Amino acid sequence: DGTMFFGFSKVGGFGDGFFTSSEACFMRSDNILTQPDPEKIEWETLPEGDHGLRSPEGPIAEEANLAAMSDGSLYCTYRTVAGHPCHAYSRDGGRSWTPAEFMTYYPGGPLLNNPRAANFVRRLDSGPFAGRYIYWFHNHDGRGYEGRNPAWLLGGVERDSPSGKVLHWGRPEVVLYADDRDTRISYPDFIQDDGRLFITETQKSTARVHEVPDWLLRRLWETFDD
């Protein structure tokens with residue numbers, strides 16, 4: 001609806017492991033897309049209050065990213081050091097969020113696993129899977145920065161709940177791997193172009209772009225299409 005958000009980390013200290021504590025927060029601007037004068041762009045820090053989103057276990061909650069849902073809700077994922085990513089929903093434009101909880105495949109379902117690594121969610125806006133969601137993660141319960149090879153994808157769909165739309169996720173599929181197990185494939189983004197989907201990623205020293213084949217995309221949502 002013409003509003004831009006981006007996530008950032010509120011850092012509580014530095015030490016062993018680089019950040020020793022962090023919380024996930026957001027910046028919101030209602031006029032950045034229409035205001036040509038940078039001095040007049042308005043920013044709001046969210047969520048309201050003194051604290052951002054936290055992890056239910058451990059001091060780290062960082063690298064939050066957002067997807068806008070069809071009912072106006074916001075959905076975010078972020079990384080922890082507990083072996084699982086977190087997720088949260090906002091029904092009021094990012095001002096408040098559901099309590100800290102680890103991400104599950106569906107409400108009340110099994111936990112997802114992810115180390116201290118990027119895990120990004122996007123809603124697809126075009127092509128045969130428009131309106132569905134794609135999620136990047138590493139599918140193991142490590143607690144550190146290691147284990148970013150291979151990279152996995154999940155396909156998600158919206159379902160109704162008493163509180164609003166929620167996401168249900170399908171079966172994980174490997175999307176990228178390297179022969180060297182120590183290669184760190186991370187920090188992705190998704191590019192949509194005329195129904196085709198590309199992934200950008202960096203291995204710390206090399207940046208690449210990959211097209212996701214149609215057969216793999218179809219497999220991501222087979223659970224829901226049966």
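The structure we're discussing is the one just above.
Residues numbered from 1 in each chain as written. Predicted model: local features only at pLDDT ≥ 70, side-chain atom pairs only at ≥ 80, totals over all residues. Heavy atoms only, no water.

Chemist: For the side chain of Arg 28, give the residues involved together with the corresponding values.
Modeler: When you line up the elements, Arg 28 lands in strand E2 (residues 18-29). A distance of 3.0 Å separates polar atoms of two side chains, one belonging to Arg 28 and the other to Asp 30. Among the polar contacts made by the side chain of Arg 28, one reaches the main-chain carbonyl oxygen of Gly 93 at a distance of 3.1 Å. (Helix = DSSP H or I, 4+ residues; strand = E, 2+ residues; numbered from the N terminus. Polar contact = N/O pair within 3.5 Å; in protein donor to acceptor, adjacent residues only side chain to side chain.)

Chemist: An account of unusual backbone geometry is requested, with residue identities and associated values reported.
Modeler: In most cases, non-glycine residues show a negative phi, while peptide bonds are predominantly trans. A cis amide bond, omega 0°, links Leu 46 with the succeeding residue Pro 47. With respect to the helices and strands, Pro 47 occurs in the loop between strand E3 (44-46) and strand E4 (62-68). A cis geometry characterises the amide bond from Asn 149 onward to Pro 150, with omega recorded as 5°. Assignment of secondary structure puts Pro 150 in the loop between strand E9 (133-137) and strand E10 (151-159). Phi angles above zero are rare outside glycine, and Asn 139 is one such case at about 60°. Within the element layout of this structure, Asn 139 appears in the loop between E9 and E10. Despite not being glycine, Lys 204 shows a phi value in the positive range, around 75°. The topology assignment puts Lys 204 in the loop between strand E14 (196-202) and strand E15 (207-211).

Chemist: Would you mind going over the pairing of E2 in detail, with residue names and values included?
Modeler: Among the 12 residues of E2, nine are classified as buried, and the element is accordingly described as predominantly covered. Bridging between strand E1 (residues 4-15) and E2 involves 11 bridges; their strand directions are antiparallel. What sits directly across from Phe 8, in E2, is Cys 25. Here E1 folds back onto E2, and the loop between the two strands holds two residues, one of which, Gly 17, carries a positive phi near 85°. One ladder, built from three bridges, connects E2 with E3; its direction is antiparallel. (Buried < 20%, exposed > 50% of the residue type's maximum accessible area, 1.4 Å probe, protein only. Pairing = 2+ DSSP bridges.)

Chemist: Any details on the pairing of E9? Residues and values, ideally.
Modeler: Where burial is concerned, most of E9 is hidden: five out of the five residues are buried. Alternating residues of E9 divide into Tyr 133, Tyr 135 and Phe 137 and Ile 134 and Trp 136, and every residue in both groups is buried. When strand E8 (residues 120-123) meets E9, the two strands line up antiparallel, connected through four bridges. Its bridge partner being in E9, Arg 123 is matched across the sheet by Tyr 133. Here five bridges tie E9 to E10, and the two strands are oriented antiparallel to one another. Bridging across to E10, Tyr 133 finds its partner in Gly 156.

Any functional reading would require information beyond the geometric quantities listed.
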